[in-house]
Amino acid sequence: MSTQEMFARPRPDTEAELAIWNLAATVVDPEIPVLTIEDLGVLRRVAIEGSTVLVEITPTYSGCPAVDAMRDDIVTVLHDAGYEDVVVRSVLAPAWTTDWMSDAGAKKLEEYGIAAPAPRGVSGTVNLGLGIRCPHCGSLHTRELSRFGSTSCKALYVCQRCQEPFDYFKEH
Amino acid sequence: MNHSNHVVSTAITAESIADSSVVAPEAVAQYALGLGDDALVLAHRLGEWIANAPELEEDVALGNIGLDLLGHARSLLTYAGTAWDKSEDDLAYFRVENEFRSRQLFEQPIGDFAVTIARQLIASVYFAELYRALSRSEDPTLAAIAAKAVKEVDYHVDHSAQWLRRLGLGTKYSHERMQRGLDAMWPFVDELFRADPYAEDLVGIAVDPRQLRAGFEAVVPGLIVDAGLEIPAGESAQGGGRTGIHSEALGPMLAEMQVLARAHPGATW
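Residues numbered from 1 in each chain as written. Chains lettered and ligands numbered in written order. Predicted model: local features only at pLDDT ≥ 70, side-chain atom pairs only at ≥ 80, totals over all residues.

## As for the overall build of chain A
Here is step 1 of the chain: Within chain A, the regular secondary structure consists of 5 helices and 7 strands.
Here is step 2 of the chain: Secondary structure of chain A in N-to-C order comes out as α-α-α-β-β-α-β-α-β-β-β-β.
Here is step 3 of the chain: Buried positions account for 44% of the 172 residues belonging to chain A.
Here is step 4 of the chain: Sequence separation of at least 24 residues holds for 53% of the intrachain contacts in chain A that already meet a minimum separation of 6. (Helix = DSSP H or I, 4+ residues; strand = E, 2+ residues; numbered from the N terminus. Buried ≥ 20, exposed ≤ 12 C-beta atoms within 10 Å, placed from the backbone. Contact = placed C-beta atoms within 7 Å.)

## Quick notes on the overall build of chain B
Here is step 1 of the chain: The helix and strand inventory of chain B stands at 12 helices and 0 strands.
Here is step 2 of the chain: Listing every helix and strand of chain B by position from the N terminus yields α-α-α-α-α-α-α-α-α-α-α-α.
Here is step 3 of the chain: Computed over its C-alpha atoms, the radius of gyration of chain B comes to 19 Å, within 12% of the 18 Å expected for a compact globule of 269 residues.
Here is step 4 of the chain: If you line up chain B on its principal axes, its C-alpha atoms span 60 × 50 × 35 Å. (Rg over C-alpha atoms; globule rule 2.2 N^0.38 Å.)

## Structural notes on the environment of valine 225 of chain B
Here is step 1 of the chain: Along the chain, valine 225 of chain B turns up in helix 11 (residues 220–226).
Here is step 2 of the chain: Separated by 57 residues in sequence, valine 225 of chain B and glycine 168 of chain B have C-alpha atoms that sit 9.3 Å apart.

## A short note on the sheet that holds strand 5 (residues 142–146) of chain A
Residues and elements named next belong to chain A.
Here is step 1 of the chain: With mixed pairing, 4 strands are arranged side by side in an open sheet as 4-7-6-5. Single-partner strands in this sheet number two, and they are strand 4 (114–115) and strand 5.
Here is step 2 of the chain: Sheet analysis places strand 5 next to strand 6 (residues 154–159), joined by 4 bridges and oriented antiparallel. Bridging from a neighbouring strand, arginine 143 pairs with valine 158 of strand 6. (Pairing = 2+ DSSP bridges.)

This is the structure in structure tokens:
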């Protein structure tokens, strides 16, 4: 298993931890509510330390304001399930990448009308400007309107075939 | 699968540094404070463009870039604050002008769009060089903050480089304005690469700014020439930001940035 794959699939392997993971994994991104924090690769680790439940998440971008909402939602979900002592920690290393987004997440994103990120590959090289597929009509004949979009993680595109604008979840 | 958990659990907590047991050593905190101030001051300046940029897309772009920088500032100031039991807000809102360590480039008024693009080009390339080097720091928290930041500032370089080219090679008028923007910001370049008094004793942990100049010179002059513009000549500004010496621009900016927190200490919303 490559390092990339290890970081991409951090699900715990004990039943007790997996139960917590599955609860935390129901929390969604407040900006893109079709994606769970597991789909995004933001949920990094779950552990039981004594009577404390520890959940680690990682911000997509350094200034991402959605982290606080995700943290609160994780605490709420776990409290509701009977876990009293919950600590949610943000970790910065290893740095988040869109390569951690699950295939299911990418599919849900497309159905929601946001183009999924192009793969960056294991070496982390920069995207070479391959065509971004329009999530509405499937055309590759699209054009970037703005490299910055409604949130840090998106850029704005327009489809030259169906003329519809759409968000692109930037590879990062 | 145990193995994968082990790898992830070595992750360094940094955003929630305040909640963790990580405490920055005094010298590292002093160094991080300067870097955090650079990012904070420029983030605030970029925020001034929101609803004022030449087009809606640029309101969004400059706002997004500012948000990334604010994220870097929050991590760096929080980390610095662990040494003195101070929060990021204590450091951002309750220090006076001569306690700020930011280099003078960042506090300059936003000027017109060309001035801002010129500063963004200089600042983004500088940050990219800095964070690339700092991601190899022996201090795991600084390394983690830098490794995350470097991917973001690379994208910022691209934004300013594209605008530099578009304005430099656009009309005669846009060319003149872009040249004036470069001329206005260029005197503040030199200070970025002068020795950082707080980095001196931190070999292997801090980055000596003097070592970043070659990387900057390998990128920026070429971009300027390719955009049909001239590399400005002339005197450098006096500098001194790291030791609390600032141009007249910082005071009014801090007054605006700090007024709410000072009028209503502890206010949250």
